[in-house]
Amino acid sequence: MITLTPWLREAVPGPCTIDALGEHTPQPCHHAHPQSVQRPLLQRTKSKSSQREPQPAPRPAYQPTPRETTIRAVMIIDIHGHYTTAPTQLRDWRLRQIESAGTPFTEPLTITDDEIRETVGTKQLKNQQDRGTDVALFSPTAGGMAHHYGDEQTSIQWTSTVNDLVYRVHKLFPENFIPVLQLPQSPGASPANSIPELEFRVKEQGFVACNLNPDPTDGYWTEPAMTSKEWWPLLEKIEELEVPAMIHVSMSCNPQFHGTGAHYINGDTVAFMQFITSQIFKDFPNLKIVIPHGGGAVPYH
């Protein structure tokens with residue numbers, strides 16, 4: 001889209017168009033205008049001496065900027081994508097894993113490459129192409145992280161499974177989906193316990209970011225604030241690896257908070273306020289944090 005420069009907005013009193021070369025062309029106006037608006041563009045008020053003022057030099061024709069002429073050469077990146085269309089056997093496997101929490105769960109999960117191509121190619125890839133984005137940063141479904149289920153081993157196994165699946169999507173569609181990892185957080189577990197998964201995915205598989213849940217209890221907020229020293233080893237590793245962390249809560253198991261309608265907004269707002277009211281960015285000056293969903297409620301305070 002070509003926009004009028006400020007001087008063109010002032011010079012053209014009625015509707016105008018921009019032709020292929022960038023020239024502005026006033027169009028006939030079919031609305032009644034005050035006489036002061038309808039007068040010729042270059043009409044001037046005569047000086048007291050009744051002498052005609054010198055006419056200004058004509059302005060040069062408008063030339064589109066390089067950005068305007070090459071706008072479609074710019075890559076459009078969707079930084080917030082989730083694998084929400086995963087094959088149904090993933091959900092079924094997860095339900096059985098949750099039911100067996102506390103005991104070893106060794107059931108294999110079988111999903112073929114063709115099934116991944118089908119669930120991604122006919123849905124999310126098609127939406128990407130239809131909507132004009134070029135590439136998506138792609139992570140496991142956020143509502144499905146559900147860190148409160150089972151114990152830490154349950155979360156570690158589930159996290160490894162869904163991160164593997166996202167990596168397979170990336171390998172099948174490397175030009176369209178860039179992997180972002182889920183962390184194996186769990187209520188009561190040290191955030192530092194997520195470091196091995198983070199390092200493996202970033203260093204060995206090229207994941208470029210992670211989702212960081214400020215509330216692993218999924219709605220009850222009993223864990224230390226993200227600015228407390230319990231979080232420092234994980235934040236230090238995130239900074240060291242130079243990967244952005246997107247703040248992202250998961251489902252809500254608290255009946256007071258609707259999942260996406262309340263809990264998501266709560267999570268974004270809580271993290272945002274913890275960060276800006278603390279010294280966290282003095283302690284970690286190169287830490288990169290992304291607050292999704294419009295920043296929660298903060299923009300409306």
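Check the entry above for the structure.
This is a predicted model, so every value here is computed, not measured. (Residues numbered from 1 in each chain as written. Predicted model: local features only at pLDDT ≥ 70, side-chain atom pairs only at ≥ 80, totals over all residues. Heavy atoms only, no water.)

**Q** Would you mind going over the sheet that holds strand 6 (residues 209-212) in detail, with residue names and values included?
**A** The six strands lie next to each other as 3-4-5-6-7-8, forming an open sheet whose pairing is parallel. Whereas interior strands pair on both sides, the edge strands pair on one side only; in this sheet they are strand 3 (77-83) and strand 8 (289-290). In this sheet, strand 8 lies alongside strand 7 (residues 245-247) in parallel orientation, the contact comprising two bridges. Directly across from Ala245, in strand 8, lies its bridge partner Ile289. (Pairing = 2+ DSSP bridges. Helix = DSSP H or I, 4+ residues; strand = E, 2+ residues; numbered from the N terminus.)

**Q** Give me the lowdown on the layout of surface pockets, citing residues and values where you can.
**A** Taken as a whole, the second largest pocket encloses approximately 330 Å³ of empty space. In terms of lining residues, the second largest pocket is bounded by 17 residues, among which Arg91, Arg94, Thr141, Gly144 and Trp158 are the most central. For the lining of the second largest pocket, the element with the highest residue contribution is helix 4 (residues 88-99), accounting for five residues. For the lining of the second largest pocket, the per-class residue count stands at ten nonpolar, five polar and two charged. (1 Å grid on protein atoms, 1.4 Å probe; cavity = no way out; pocket = protein on both sides within 12 Å on 5 of 7 lines; lining within 4 Å. Points joined across faces, edges and corners; volume = space filled by probe spheres on them. Nonpolar A, V, L, I, M, F, W, Y, C, P; charged D, E, K, R; others polar.)

**Q** Give a detailed account of the nonpolar core, specifying residues and quantitative values.
**A** If you look at the biggest cluster of nonpolar residues, it comprises 41 residues, and the most contacted ones within it are Leu198, Leu212 and Ile238. For this core, the element with the most residues is helix 6 (residues 152-172), which contributes six residues. Not counting the four nearest positions on each side in its chain, Ile238 is found in contact with Leu198, Cys210, Leu212, Val243, Ala245 and Leu287. (Core = buried A, V, L, I, M, F, W, Y, C linked by side-chain atoms within 4.5 Å. Buried < 20%, exposed > 50% of the residue type's maximum accessible area, 1.4 Å probe, protein only. Contact = heavy atoms within 4.5 Å.)

**Q** How would you summarise empty space enclosed by the protein if you had to cite specific residues and measurements?
**A** A complete count under the given rule lists one cavity of 30 Å³ or more for this structure. The calculated volume of the largest cavity comes to roughly 50 Å³. As for the largest cavity, its lining consists of Tyr83, Ala86, Leu90, Pro140, Thr141, Trp158, Val162, Leu165 and Val166. By residue number, the principal contributor to the lining of the largest cavity is helix 6, which donates four residues. Residues that form the lining of the largest cavity fall into these classes: eight nonpolar, one polar and no charged.

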